[in-house]
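Read off the chains here:
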Amino acid sequence: MRLRSFFFSIFSFSHSPSLPSSSSRFSSLSAAMSPALEKSRQGNGECNEVSKSKVTVVGSGNWGSVAAKLIASNAIKLPSFHDEVRMWVFEEVLPNGEKLTDVINKTNENVKYLPGIKLGRNVVADPDLENAVKEANMLVFVTPHQFMDGICKKLDGKITGNVEAISLVKGMEVKKEGPCMISSLISKQLGINCCVLMGANIANEIAVEKFSEATVGYKGSREIVETWVQLFSTPYFMVTPVHDVEGVELCGTLKNVVAIAAGFVDGLEMGNNTKAAIMRIGLREMKALSKLLFPSVKDSTFFESCGVADVITTCLGGRNRRVAEAFAKSGGKRFYLCESN
């Protein structure tokens, strides 16, 4: 009951209706994607260059770089996509004086956020956000959630044509009128449909190709989600579609609160029984809050990778758990945790 009261006291607002259907946009985009592309292949087995989809990854941190690696490995093999995958990089100057984008393009490696991992020769780092998304019709957003509002405002009016988006951002905007899901923020400000990808995904493990899985939440037509599944799926990264954007996205957000509680349990050495109870009760409260916010959320979503699997992974090895454990062990004193995801 205390956890439920805690959740409900954070978010107090009126239920917002779902976004209008984007079926018309789906149908027009699908004409430029996989089904139609198969019909437009030329005699040499290649797709018409004009018909190929162009992908841009907006974000280049730990998870963003892994996402670019996954996408690049598929884009170069699939005839329906351009080989080149753009990755927007917030420009930084490294200790040696070189720009991060220059080093990524020269070494094919994000030496600051994902050192030792080759992204793929077809990944091109671009420090100019507007230029990075120019001509792209598939946008992958993967930045810290607190930057998304500013990114969307900068791109407002710059996105034209039949463009689809997917959010890998785990978090939400909390405003006076209530929480705003990142997928809704993208859809409303940019006027495009947005799916979500969430799951038990510790980025560094996926980077070295240890088996993992994820859930893609979508609404409307299934054609676009099949394209996203095709773009992300690899032998070591299994992607499953679920017709429940809000449920998938809320799982990816709320599990962090449960992980913090699990970290406190570890830091206070309360034992595995207590930690298991925190995880079970936390998952139940995630479901209760999600269905309060969006009654359309499906019970089955919580048994997907984005639900129970992500709770387990984050409560065992996620950054939020580690931070909470260190905080408890320090007696509540300020500290710095110098670990990547």
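From a predicted model like this one, the values you see are computed outputs, not experimental measurements.

**Things to note about the packing of helix α12 (residues 272–293) against helix α13 (residues 305–317)**
No. 1: Here α12 crosses α13 at 140°, and the two axes come no closer than 11 Å. Taken together, the axis directions place α12 and α13 in an arrangement best described as oblique. Relative to α13, α12 is oriented so that their crossing is right-handed. Contacts from Lys275, Met279, Leu283 and Met286 in α12 reach Gly307, Val308, Val311, Ile312, Cys315 and Leu316 in α13.
No. 2: Class assignment for the residues of the contact of α12 with α13 results in 8 nonpolar, 1 polar and 1 charged.

**Concerning the nonpolar core**
Burial of nonpolar side chains together is a common tendency in soluble globular proteins.
No. 1: Within the largest apolar cluster, 46 residues are counted, with the highest numbers of intra-cluster contacts made by Leu197, Phe232 and Phe237.
No. 2: Ignoring anything within four residues of it in the chain, the contact list for Leu197 reads Trp63, Ile166, Ser167, Leu168, Ala214, Thr215, Val216, Phe232, Phe237 and Val239.
No. 3: Among the nonpolar cores identified, the runner-up in size contains 24 residues, and Leu254, Leu293, Phe302 and Cys306 belong to it.

**Here we look at the sheet that holds strand β8 (residues 193–198)**
No. 1: Spatially, the 8 strands line up as an open sheet ordered β3-β2-β1-β4-β5-β8-β9-β10, and their pairing is mixed. With partners counted over all chains shown, the strands left at the sheet margins are β3 (123–126) and β10 (237–242), one partner each. With strand direction ignored, the average angle separating the axes of adjacent strands in the sheet is 25°.
No. 2: In this sheet, strand β5 (residues 164–167) lies alongside strand β4 (residues 138–141) in parallel orientation, the contact comprising 4 bridges. Across the sheet, the residue bridging to Val140 is Ile166, located in β5.
No. 3: Sheet strands in contact with helix α4 (residues 62–75) are β1 (53–58), β2 (81–88), β3, β4, β8 and β10, and its direction is about 170° off that of β2.

What counts, and where the lines are drawn
- Residues numbered from 1 in each chain as written.
- Predicted model: local features only at pLDDT ≥ 70, side-chain atom pairs only at ≥ 80, totals over all residues.
- Heavy atoms only, no water.
- Axes fitted to C-alpha atoms, helices over the stretch in contact; angles between N-to-C directions.
- Helix = DSSP H or I, 4+ residues; strand = E, 2+ residues; numbered from the N terminus.
- Parallel < 35°, antiparallel > 145°, perpendicular 65-115°, else oblique.
- Left-handed = near helix turned anticlockwise from the far one by under 90°.
- Contact = heavy atoms within 4.5 Å.
- Nonpolar A, V, L, I, M, F, W, Y, C, P; charged D, E, K, R; others polar.
- Core = buried A, V, L, I, M, F, W, Y, C linked by side-chain atoms within 4.5 Å.
- Buried < 20%, exposed > 50% of the residue type's maximum accessible area, 1.4 Å probe, protein only.
- Pairing = 2+ DSSP bridges.

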